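# Fold and geometry: a report
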Amino acid sequence: MANREALRELQTRLAGRLQAAGEGVSVSSWLAVEAAGQRYLMPLGQSGEIFAWPGVQTVPYTQPWFLGVANLRGTLVGVVDLATLLGQAAVRTEQALGETSLVAFNVALEVNAALLVDRLLGLRGLDAFAASEPASAQAPAYFGTTYIDSQGQRWQELNLQTLSQHPAFLGIGA
């Protein structure tokens with residue numbers, strides 16, 4: 001019975017999005033975030049719930065970007081510092097951490113983790129950008145298109161599903 005209700009809810013949401021697209025209404029495709037001064041776009045279908053910084057329990061002998069585990073709605077979730085994972089310098093004081101957010105991976109990805117971001121910048125659709133560039137050949141596999149807005153700011157699309165399976169994220173060979 002629950003599966004039928006979930007399917008009905010999904011169909012209703014999809015019908016609403018299709019109708020909005022047909023009427024020329026902008027449909028958001030990404031959650032826009034900032035980490036260490038860089039702007040990122042996370043596909044809404046791969047992004048999950050957003051949480052205020054809850055504090056974490058550190059775990060010894062882990063990668064520098066793995067901050068520890070947090071209790072999010074009764075579930076222990078691994079917390080990954082997105083900026084540090086991507087090789088950017090990030091200074092994390094307790095006060096600065098209090099202003100950050102965690103973006104959980106969508107449950108459909110079956111990844112029990114959340115990404116620490118410095119700021120949430122809202123939702124973005126394709127119409128928010130003036131130009132785009134494909135990812136360079138040297139870019140990690142989880143980097144998608146780079147979008148450029150009308151102010152010239154660059155936004156890097158992150159494929160969270162690909163990121164979650166990348167050897168660096170899994171701690172293999174790192």
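These remarks concern the structure in this document. Keep in mind it's a predicted model, so treat the numbers as computed, not measured.

### Points about the sheet that holds strand β6 (residues 101–105)
Taking strand neighbours across the sheet as the criterion, the 5 strands line up as β3-β6-β7-β5-β4 in an open arrangement whose pairing is mixed. Pairing within the sheet leaves two strands with one partner each, and these edge strands are β3 (47–52) and β4 (66–72). Each strand axis lies, on average, 35 degrees off the axis of its neighbour in the sheet, ignoring direction. Where β3 meets β6, 4 bridges bridge the pair, whose relative direction is antiparallel.

### Details of the environment of H166
For H166, the position within the fold is in the loop between α4 (160–165) and α5 (167–170). Assessed through its relative accessible area of 22%, H166 is described here as partly exposed. Taking the C-alpha atoms as reference points, H166 and Y142, separated by 24 residues in sequence, lie 7.7 Å from one another.

### A short note on the packing of aromatic side chains
Applying the stated criterion across every chain, the model contains 7 aromatic pairs. Summarising the aromatic geometry, the rings of W30 and Y147 are spaced 4.9 Å apart at their centres and angled 50 degrees between planes, so their arrangement reads as tilted. With a gap of 117 residues between them, W30 in strand β1 (residues 30–35) and Y147 in strand β10 (residues 143–148) connect regions that are remote in the sequence. Relative accessible area serves as the criterion here: at 11%, Y147 is assigned to the buried category. Judged by centre distance (5.2 Å) and plane angle (40 degrees), the rings of F129 and Y147 are tilted. In this pair, F129 is assigned in the loop between β8 (119–124) and β9 (131–133) and Y147 in strand β10, connecting sequence segments 18 residues apart. Feature note: the residues W30, F129, Y147 and W155 constitute an aromatic cluster, connected by ring pairs. The lysine or arginine in question, R39, covers the ring of W155, its NZ or CZ lying 5.4 Å from the ring centre.

### As for the sheet that holds strand β11 (residues 154–158)
The mixed open sheet is built from 6 strands, whose spatial order is β8-β1-β2-β11-β10-β9. Only two strands of the sheet have a single partner each, and these edge strands are β8 and β9. When the angles between neighbouring strand axes are averaged without regard to direction, this sheet yields 30 degrees. Across 4 bridges, β10 lies against β11 in antiparallel orientation. Within β11, the position partnered with I148 by the bridge is R154.

### Describing the nonpolar core
Across soluble globular proteins, you tend to see nonpolar side chains buried next to one another. If you look at the biggest cluster of nonpolar residues, it comprises 23 residues, and the most contacted ones within it are M42, L82, F105, L115, L160, L163 and F169. For this core, the secondary structure elements donating two or more residues are β1, β2 (38–43), α2 (82–85), β6, β7 (113–117) and α4. Ignoring any residue separated from it by four or fewer positions in sequence, one finds F105 in contact with Q46, S47, G48, V111, A113, A114, L115, L160, L163, S164 and F169. Core analysis: the second largest hydrophobic core is formed by 11 residues, W53, L102, A104 and A114 among them.

### Observations regarding the side chain of T146
Note that T146 resides in strand β10. Looking at T146, its side chain comes within polar contact range of the side chain of Q156, at 2.9 Å. With residues near it in sequence (within four places) discarded, T146 still touches A131, S132, E133, R154, W155 and Q156.

### Points about the pairing of β11
By the criterion of burial, β11 is predominantly enclosed, with 4 of the 5 residues buried. Bridge count between β2 and β11: 3 bridges; the pairing is parallel. When the sheet's bridge partners are listed, R39 is paired in β11 with W155. Turn length for the β10-β11 hairpin, with the two strands adjacent in sequence and antiparallel, is 5 residues, and the turn residue G152 shows positive phi of about 85 degrees.

What counts, and at which threshold
Position numbers for residues start from 1 in each chain and track the written sequence from start to end. Whole-chain, interface and lining totals are the exception, using all residues; otherwise, since this is a predicted model, local features are given only for residues with pLDDT of at least 70 and side-chain atom pairs are given and counted only at 80 or more. Excluded from the side-chain calculations are hydrogens and water; all other atoms, namely the structure's heavy atoms, are used. One bridge is not enough; two strands pair if DSSP finds at least two bridges between them. The secondary structure listing takes helices from DSSP runs of H or I that are at least 4 residues long and strands from runs of E that are at least 2 residues long, numbered from the N terminus. Only C-alpha atoms enter the line fits that serve as axes; for helices the fit covers just the stretch in contact. Angles between N-to-C directions range over 0 to 180 degrees. Each residue's exposure class comes from its accessible area (1.4 Å probe, protein chains only) as a fraction of the maximum for that residue type: buried when under 20%, exposed when over 50%, partly exposed otherwise. Paired rings are identified among Phe, Tyr and Trp, the last through its six-membered ring, by centres lying within 6.5 Å, and are further divided according to the angle between planes into stacked (under 30 degrees), edge-to-face (over 60) and tilted (the rest). In this scheme, the term charge over a ring applies when either NZ of a lysine or CZ of an arginine sits within 6 Å of the ring centre and within 35 degrees of the ring normal. Grouping buried Ala, Val, Leu, Ile, Met, Phe, Trp, Tyr and Cys residues that are joined through side-chain atoms within 4.5 Å yields what is termed a nonpolar core. Contact between two residues is taken to exist if any of their heavy atoms lie within 4.5 Å; hydrogens are not considered. Residues adjacent in sequence count toward polar contacts only when both atoms are side-chain atoms; beyond that, a polar contact is any pair of N or O atoms within 3.5 Å, and within protein one must be able to donate a hydrogen and the other to accept it.

The quantities given are spatial measurements derived from coordinates; they are silent on function.
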